[in-house]
Structure formats: C-alpha cells, structure tokens
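Okay, here's what each chain looks like letter by letter:
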Amino acid sequence: MYNKSYKKTHERYDLEIMKANIVYASMTGNNEDIADMLEEDLQDYGFETESNDISFADASEFEDADLCIIVTYTYGEGKMTDELIDFYDQLKELDLSGKSFAVLGSGDKTYGEHFCENVFDFEKAFKNCGATEITKPVTIENAPDDADIDLIDQAAEEMNEKLNG
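Residues numbered from 1 in each chain as written. Predicted model: local features only at pLDDT ≥ 70, side-chain atom pairs only at ≥ 80, totals over all residues. Heavy atoms only, no water.

(A) Inspection of the environment of threonine 49 at higher detail. Within the fold, threonine 49 resides in strand β4 (residues 48–53). For threonine 49, a relative accessible area of 17% puts it in the buried group. In contact with threonine 49, other than residues within four places in its own chain, are Ala20, Glu39, Leu42 and Gln43. Within the structure, the side chain of threonine 49 is placed 2.9 Å from the side chain of glutamate 39, a separation counted as a polar contact. Of the polar contacts made by the side chain of threonine 49, one reaches the side chain of glutamine 43; its length is 2.8 Å. (Helix = DSSP H or I, 4+ residues; strand = E, 2+ residues; numbered from the N terminus. Buried < 20%, exposed > 50% of the residue type's maximum accessible area, 1.4 Å probe, protein only. Contact = heavy atoms within 4.5 Å. Polar contact = N/O pair within 3.5 Å; in protein donor to acceptor, adjacent residues only side chain to side chain.)

(B) Quick look at the nonpolar core. Among the nonpolar cores identified, the biggest contains 26 residues, and Phe62, Ile70, Phe87, Leu91, Leu96, Phe122 and Phe126 are the most heavily contacted of them. Taken together, the elements giving at least two residues each to this core come down to β5 (67–73), α2 (82–92), β6 (100–107) and α3 (117–128). Residues Tyr24, Ile34, Val71 and Ala155 belong to the second largest nonpolar core, which totals 22 residues. (Core = buried A, V, L, I, M, F, W, Y, C linked by side-chain atoms within 4.5 Å.)

(C) Broad picture of unusual backbone geometry. The phi dihedral of cysteine 116 falls on the positive side, at around 55°, and the residue is not glycine. With respect to the helices and strands, the residue cysteine 116 is situated in the loop between β6 and α3.

(D) Focus on the packing of α2 against α3. Direction vectors running N to C along α2 and α3 enclose 20°, while the axes themselves pass 9 Å from each other. Comparing the axis directions of α2 and α3 gives the class roughly parallel. Where α2 crosses over α3, the two elements pack in a sense that is left-handed. For the pair α2 and α3, contact is made by Leu84, Phe87, Tyr88, Leu91 and Lys92 and by Asn118, Asp121, Phe122, Ala125 and Phe126, respectively. Looking at the contact of α2 with α3, its residues break down into 7 nonpolar, 1 polar and 2 charged. (Axes fitted to C-alpha atoms, helices over the stretch in contact; angles between N-to-C directions. Parallel < 35°, antiparallel > 145°, perpendicular 65-115°, else oblique. Left-handed = near helix turned anticlockwise from the far one by under 90°. Nonpolar A, V, L, I, M, F, W, Y, C, P; charged D, E, K, R; others polar.)

Shown next, in the form of structure tokens:
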C-alpha cells in the first residue's frame, strides 16, 4: 500500500505504493487459485502486484519488490520438480535484505511428514537470503476450501498491517 521505500507514488496523495511480487507453481491449478486470491486481497489493500507462473519467472525480479511471495506445491514425498529447483537455486543466490516475504502452498496430507515440505524449504531459502518473514507459512491441503480462503485473507491482512501499519 503506502510506504516510503518504493519509488512509484500515488498521484493524489503523493505517497509511495508497496509492490508485491507473487510467483506461483501449480500443477493442478490449486496454487494459481491461491495466488489469484492473495493478489486480489493485496490489491484491495492498495498494493501494486505482479503475479507470474514460476516457469516464466526469474527470482531476481524479487529485488524490485517490497514483498516477495512464493505459492508452491509439494510433489509426493517432498521432491521439488525441475521448475521449482531452478527457481529455488536462483533464489538462494540473492541478497534480499530489507525485503519482506511470505510463503503459501498446497500439498497432500497422505504424504505425512512431507506435507507442504517445499513451502518450508522456500521459507528457509528466503531467510537465508536476508528477507524478513511477514506472516507464518500458509499450508493448504489440495484445493482451498472456505477455511483456507479465510487463512489466505488473514495472511494478506497481516501483510498489510505489518508493511503499512
């Protein structure tokens, strides 16, 4: 929303607008839906948003954002697919000091301890890059239901409150 750390300003108030970059990975469409819901919430709070499929994104684009968000899935027993590995490896090379981040994602609880494992892998990677976690990870089993949509909305609200006070 409005913060002095971003160059673009709101014309009427001459206040600077926060930029959120959302990158999602989705095999089934569930995470694209999660990313769309989050993007809509953040736009409602006044964020300028950009959302991209991980296959077409470069992690260095996070350097131009105030808020860096990954929406990922965990395949089977915690294995990252090639598209996830490529982005993950790029992310690990960045210095995101001064940036905020959030990670959301889906998985299947039938995989037990591996449920949403990649969500937590990306959380660790962001922390190792110097970024500040703005909300705890949101993990969703398969497709988001009403309770999960509430979690996404709450996460967006927390992001807004912490970044825009």
